[in-house]
Amino acid sequence: MDRAQKEALVDELGQIFESSGVVVVSHYVGMTVAEMQDLRQRAREAGGAVRVAKNRLAKIALQGKPCESIGDLLEGMTVLTYSEDPVAAAKVAQEYSKENQKLVILGGSMGENALDAAGVEAVSKMPSREELISTIAGMLGAPASNIAGAIGAPASNIASILSTIEDKAA
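Here the structure is a predicted model, which is why all the values come from computation and not from measurement. (Residues numbered from 1 in each chain as written. Predicted model: local features only at pLDDT ≥ 70, side-chain atom pairs only at ≥ 80, totals over all residues. Heavy atoms only, no water.)

(A) Spatial organisation of the pairing of strand β3 (residues 78-83). The buried fraction of β3 amounts to six of the six residues, a majority that puts the element mostly inside the structure. Residues T78, L80 and Y82 point to one face of β3 and V79, T81 and S83 to the other, with burial holding for every one of them. Sheet topology places strand β1 (residues 22-27) next to β3; six bridges connect them, and they run antiparallel. Counterpart to V22 in the pairing with β3 is S83. Across five bridges, the pairing between strand β2 (residues 48-52) and β3 is antiparallel. Bridged to A49 within β3 is Y82. (Buried < 20%, exposed > 50% of the residue type's maximum accessible area, 1.4 Å probe, protein only. Helix = DSSP H or I, 4+ residues; strand = E, 2+ residues; numbered from the N terminus. Pairing = 2+ DSSP bridges.)

Next up, the structure:
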């Protein structure tokens, strides 16, 4: 890898560190190519990505970034899982590490906040952006359905009373 390629890689990593909602740093010692491809596929499906980069270049890319403190985690064979959604990459990494013991989560960052392994696990348990939107939409629709039910209730009550009176008269 020549100097121009290294500079391009540092720029690319810098963009990842700046624009990602969450970056998870993990060790992947002993993972096969097929296992790594599976991890990449899962991250892609969740709207994230997986990147293996030289630790030295990643540390250079981290300089001056809000998540610069995760540079201490970049030791040994590390892989970065990242996504714009603040939860997606953490969920993918956490679920995959439970299935495959070779992926060991070291920590990560969420914006300016550095996360340890427990922090990444806590983030992975949060609802995703889509889940939050659907919950809010349901909450917004609930009052309207309650009002419709309340408006229709007196009519159904009167109908049942009339039905009861009719049954007694017969």
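(B) Region of the structure containing the side chain of N55. Inspection of the secondary structure assignment puts N55 in helix α3 (residues 55-62). Here N55 falls in the buried class, since its relative accessible area comes to 15%. Side chain to side chain, N55 and T78 meet in a polar contact 2.5 Å long. With sequence-adjacent residues up to four places away left out, N55 is seen in contact with L74, E75, G76 and T78. (Polar contact = N/O pair within 3.5 Å; in protein donor to acceptor, adjacent residues only side chain to side chain. Contact = heavy atoms within 4.5 Å.)

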